[in-house]
Amino acid sequence: QVQLVESGGGLVQPGGSLRLSCVASGFTFSTYAMSWYRQAPGKERELVARIFAKGGITNYADSVKGRFTISRDNVKNTVYLQMNSLKPEDTAVYYCHCPGRGSWGQGTQVTVSS
């Protein structure tokens, strides 16, 4: 059974940082691309960042380029999202997603507010 479990969300002040983690199980993690999405209240879910299976290629939404970094550890079956210089508009529920398996995590809330 495929499982994706996110952690690391919370409340942070503007300009602060958070690191999200997503632990995967039930499939051969190292062979799949992984993504982070987010959904703010009243908005559609949007792609934030994606990392391909071998870890060398990444894509980012324009709104987070230069501030967020996606990475993965294929030994720990974990994908990370390092978020720096956070802004109030980054407030959302962040979801881990494996496109190749069609699986989603339960989401973790990130709130950026003073």
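Remember, predicted model here, so these are calculated numbers, not experimental data. (Residues numbered from 1 in each chain as written. Predicted model: local features only at pLDDT ≥ 70, side-chain atom pairs only at ≥ 80, totals over all residues. Heavy atoms only, no water.)

Trainee: How would you explain the environment of Gln1 if you had to name every residue and give the values?
Mentor: The topology assignment puts Gln1 in the segment before β1 (3–7). For Gln1, a relative accessible area of 81% puts it in the exposed group. The spacing of Gln1 and Gly26 is 25 residues in sequence and 5.0 Å in space, taken between C-alpha atoms. For Gln1, the residues in contact, after removing those within four places along its chain, are Ser25 and Gly26. (Helix = DSSP H or I, 4+ residues; strand = E, 2+ residues; numbered from the N terminus. Buried < 20%, exposed > 50% of the residue type's maximum accessible area, 1.4 Å probe, protein only. Contact = heavy atoms within 4.5 Å.)

Trainee: So what about the side chain of Ser21? Which residues, and what values?
Mentor: For Ser21, the location among the structural elements is in strand β3 (residues 18–25). Residue classification places Ser21 among the buried positions, given a relative accessible area of 14%. Those residues in contact with Ser21 that lie beyond four places of it in its chain are Val5, Glu6, Ser7, Trp36, Thr78, Val79 and Tyr80.

Trainee: Before we move on, can you summarise the sheet that holds β1 with the specific residues and values?
Mentor: The antiparallel open sheet is built from 4 strands, whose spatial order is β1-β3-β8-β7. Both outer strands of the open sheet, β1 and β7 (68–73), are each paired with one neighbouring strand and no more. Adjacent strand axes in the sheet meet at a mean angle of 15°, parallel and antiparallel pairs treated alike. With 5 bridges joining them, β1 and β3 adopt antiparallel strand pairing. Of the residues in β3, the one forming a bridge with Leu4 is Ala24. (Pairing = 2+ DSSP bridges. Axes fitted to C-alpha atoms, helices over the stretch in contact; angles between N-to-C directions.)

Trainee: Report on the nonpolar core, specifying residues and quantitative values.
Mentor: Membership of the largest hydrophobic core comes to 27 residues, with the highest contact counts inside it found for Met34, Trp36, Val79, Leu81, Met83 and Tyr94. Mapped by element, the contributors of at least two residues to this core are β3, β4 (34–39), β5 (46–51), β7, β8 (78–83), β9 (92–98) and β11 (108–112). (Core = buried A, V, L, I, M, F, W, Y, C linked by side-chain atoms within 4.5 Å.)

Trainee: For the pattern of salt bridges, give the residues involved together with the corresponding values.
Mentor: In total, this model carries 4 salt bridges according to the counting rule given. With a shortest N-O distance of 2.7 Å, Glu46 and Arg38 are connected by a salt bridge. Relative accessible area serves as the criterion here: at 34%, Glu46 is assigned to the partly exposed category. By relative accessible area, which is 6% here, Arg38 ends up buried. Across the pair Lys65 and Asp62 runs a salt bridge whose closest N-O atoms are separated by 3.1 Å. Taking relative accessible area as the criterion, Asp62 reaches 65% and is therefore assigned exposed. By sharing partners, the salt bridges in this structure join Arg38, Glu46, Arg67 and Asp90 into a single network. (Salt bridge = Lys/Arg side-chain N within 4 Å of Asp/Glu carboxyl O.)

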